[in-house]
Each structure stands twice: as C-alpha cells, then as structure tokens.
Amino acid sequence: GTRLVIGIDGGRLRTRINRKGAPRANGRRGFDAPWREPKVFVVYAIDKQGRKVRGSALRYDATLEDADRIFRILAAVLISIGAADASELIVVGDGAEWIWDRVPGLIEKVGFDAKRVTEVLDFYHACEHLHEIATHVRGWTEGQKKAWFHRMRHLMRHDKVDKVLD
C-alpha cells in the first residue's frame, strides 16, 4: 500500500586511467581522465501529501555500466522489496530517452500494474528544457526569451503544466 518513488539520473565524472609505456623525463607515466556517465537511482516512500517519508530511503545504487545494467539492478531491488504491492509507483527522471524507453519493461518485469505508474519529469530538468527552447526561438530579443522562460517556470511551479504545454 506504500507510494514508492524511483528517481533515476545519469551524471558525469572523470575516471583516472594510468598510461602505459615508458615514463616521461620527470619519471612519471601520466594519466588520462576521460568523462564517464554513472547511472544512479534511489527508491523511497512518500506520504499522502507527496512528502518523502523520513528514513524511507529503501535503496540507493549506481553503476558505471550501461543503462540496461542499472535497470536490471533496479528491477531486482524492486522485486526484493515487494514493489508490486505498492499502491503507486512514481518514476522521476530528467527526460533522457535511456530512462523513459526502459520504464515499460521495468514495470512488466516487476509485475506492477502500469495503470498505477506515474512518470514525472523533474522540475529542474523541465526548466532546463524550457530554457533550451527559449534560446532557439528566432526573432525574440534576449528580454523576450527571458520573460517567456520565467512565465513558463512560474506556471509549472503553480501546477499549470497544461498551460505550459499549450
């Protein structure tokens, strides 16, 4: 009967890889530090008002492997905690296709009723996408772009997403 939230995101970090071969003049071989994208999730419960239940973080996990791997880990966690019995499952993400394309398969694997799933684009990333839209509108001055963005953000903050979509 619990309402569960799954937050999923990717990040950026640098991993240090020591170079092979002969040392340089200073005696060191040096290293490369390529960017990698860790995939991260958290599962927690919320109350009837949508507030996180204190101490309810059921699991945090991450991997440097691909998106399929993080979803396999997430499915195993959800099955182990009995998420199929939750009253609602809320998936929060940033709009990345690697997340939303895998949610239906996750729901099926866990045995959850898809009618009780809510997918949510988080506020920060929604604003980031709106800002990106505003920057690409031709014919608007910087002031008009800024005013439009602030108006759309205000509408979202006050639960008027339909007006933003219009």
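For the structure itself, look to the data block above.
Definitions and cut-offs
- Residues numbered from 1 in each chain as written.
- Predicted model: local features only at pLDDT ≥ 70, side-chain atom pairs only at ≥ 80, totals over all residues.
- Heavy atoms only, no water.
- Salt bridge = Lys/Arg side-chain N within 4 Å of Asp/Glu carboxyl O.
- Buried < 20%, exposed > 50% of the residue type's maximum accessible area, 1.4 Å probe, protein only.
- Helix = DSSP H or I, 4+ residues; strand = E, 2+ residues; numbered from the N terminus.
- Axes fitted to C-alpha atoms, helices over the stretch in contact; angles between N-to-C directions.
- Parallel < 35°, antiparallel > 145°, perpendicular 65-115°, else oblique.
- Left-handed = near helix turned anticlockwise from the far one by under 90°.
- Contact = heavy atoms within 4.5 Å.
- Nonpolar A, V, L, I, M, F, W, Y, C, P; charged D, E, K, R; others polar.
- Pairing = 2+ DSSP bridges.

Caption draft 1: Main features of the pattern of salt bridges. Tallied over the full model, the rule gives 9 salt bridges. Here Arg 116 ties to Asp 113 by a salt bridge, and the two come within 3.7 Å at their closest N and O atoms. Since its relative accessible area comes to 28%, Arg 116 is described here as partly exposed. Across the pair Glu 142 and Lys 145 runs a salt bridge whose closest N-O atoms are separated by 3.8 Å. With a gap of 3 residues between them, Glu 142 and Lys 145 both fall in helix H5 (residues 142-157), about one helical turn apart. Under the relative-accessibility criterion, Glu 142 is labelled exposed at 61%.

Caption draft 2: The packing of helix H4 (residues 123-135) against H5, seen in detail. It is at 9 Å that the axes of H4 and H5 come closest, and there the two elements cross at 155 degrees. In this view, H4 runs roughly antiparallel relative to H5, as classed from their interaxial angle. For H4 against H5, the interelement crossing comes out right-handed. For the pair formed by H4 and H5, the contact residues are Phe 123, Ala 126, Cys 127, Leu 130, His 131, Ile 133, Ala 134 and Thr 135 on the first element and Lys 145, Trp 148, Phe 149, Met 152, Arg 153, Met 156 and Arg 157 on the second. Of the residues belonging to the contact of H4 with H5, the class tally is 10 nonpolar, 2 polar and 3 charged.

Caption draft 3: Here's a closer look at the side chain of Thr 15. Counting through the fold element by element, Thr 15 comes out in the loop between strand S2 (13-14) and strand S3 (17-18). Discounting residues that sit within four places of it in the chain, Thr 15 has contacts with Asp 32, Ala 33, Pro 34, Arg 36 and Leu 64.

Caption draft 4: Just the sheet that holds strand S9 (residues 117-121), in detail. Spatially, S7-S6-S1-S8-S9 is the arrangement adopted by the 5 strands of the open sheet, whose pairing is mixed. Looking at strand neighbours, the two that pair on one side only are strand S7 (59-63) and S9, the edges of this open sheet. The sheet shows a mean angle of 15 degrees between the axes of neighbouring strands, taken without regard to direction. Pairing analysis gives 5 bridges linking strand S6 (residues 39-46) to S7, with the strands arranged antiparallel. Considered in S7, the bridge of Val 40 is made with Ala 62. On the sheet, helix H1 (residues 67-80) packs against strand S1 (3-10), S6 and S7 and is oriented at approximately 25 degrees with respect to S6.

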